[in-house]
Amino acid sequence: MQNELEAFQVFVNNILIRNKSILDQTTKLQDACTHLCRNVSKSATTCGCISINAHKQPYPTCEDLSMDDLKNLMQTHINGKLCSNCEELLEKEIGRIFFYLSAIANTFDLSLSEILENEKKRTELLGKFSLR
């Protein structure tokens, strides 16, 4: 994965011309995130391939509950499976998010591979207790 991320980051650096400004990059990233959220909503409301049944997550106070038990109680609130069209739209927006995230990392001379590795280490430090 590291080589793929690095290769993608180099690719983005080589082809990015128009949106070189950090302001362009951050607003494009925000736009891609907005479209991703909109496409998730449209999958439920317009297409109907999924349904979202949101309700309060159960947070039991029982001290006998393990972290694995608690993890199994948490729900995504999504019923169904994305159709091929909705899946394609979500993949497209996630790809745009990766693109502009790479552009921002390049602007600040940061390595996405290193960022992911550092985040993994921080998360592993607390493990399940990071509660993300």
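As the structure is a computational prediction, the values presented were derived from the model and not from experiment.

(A) Structural view of the overall build of the chain. Scanning the chain for helices and strands turns up 5 helices and 2 strands. Ordering the α and β elements of the chain from the N terminus gives α-α-β-α-β-α-α. Against the globule reference of 14 Å for 132 residues, the chain gives a C-alpha radius of gyration of 19 Å, more extended than a compact globule. Across its three principal directions, the C-alpha atoms of the chain cover 55 × 40 × 25 Å.

(B) Expanded view of the side chain of Q25. Here Q25 is to be found in helix α2 (residues 22-47). When sequence neighbours within four positions are dropped, the list of residues in contact with Q25 reads L16, N19, K20, Y100, A103, I104 and T107.

(C) Local environment of the packing of aromatic side chains. Counting across every chain of the model gives 2 aromatic pairs. Each ring, one from F99 and one from Y100, has its centre 5.0 Å from the other, and the planes form 80 degrees; the classification is edge-to-face. Both residues of the pair, F99 and Y100, belong to the buried class.

(D) The arrangement of the pattern of salt bridges in detail. Under the criterion given, the structure shown has 3 salt bridges. Of the charged contacts in the structure, one is a salt bridge between R96 and D31, with a shortest N-O distance of 3.2 Å. On the criterion of sequence distance, the pair formed by R96 in helix α4 (residues 84-107) and D31 in helix α2 is long-range, its members being 65 residues apart. A relative accessible area of 30% means that D31 is categorised as partly exposed. R96 is the salt-bridge partner of E93, the closest N and O atoms lying 2.9 Å from each other. One end of the pair, E93, and the other, R96, are both in helix α4, 3 residues apart, so they sit about a helical turn from each other. For the pair E93 and R96, one class covers both residues: buried. Shared partners join several salt bridges into a network, and the residues in it are D31, E93 and R96.

Parameters at a glance
- The written sequence of each chain sets the order in which its residues are numbered from 1.
- Given that this is a predicted model, residues contribute local features only at a pLDDT of at least 70 and side-chain atom pairs are listed and counted only at 80 or more, while totals for whole chains, interfaces and linings are drawn from all residues.
- Side-chain measures here rest on the full set of heavy atoms in the structure, leaving out hydrogens and waters.
- The way it works is that DSSP assigns letters per residue, a run of H or I at least four long becomes a helix, a run of E at least two long becomes a strand, and they are numbered from the N terminus.
- Two things to know: the radius of gyration comes from C-alpha atoms, and the globule rule equals 2.2 Å times the number of residues to the power 0.38.
- Here a residue-residue contact requires only that any non-hydrogen atoms of the pair lie within 4.5 Å.
- Side-chain rings of Phe, Tyr and Trp, where Trp is taken by its six-membered ring, are said to pair if the distance between their centres is within 6.5 Å; with planes under 30 degrees apart they count as stacked, over 60 as edge-to-face, and otherwise as tilted.
- Using a 1.4 Å probe on the protein chains alone, a residue whose accessible area is under 20% of its type maximum counts as buried, one over 50% counts as exposed, and one in between counts as partly exposed.
- By definition here, a salt bridge exists when the distance from a side-chain nitrogen of Lys or Arg to a carboxyl oxygen of Asp or Glu is within 4 Å.

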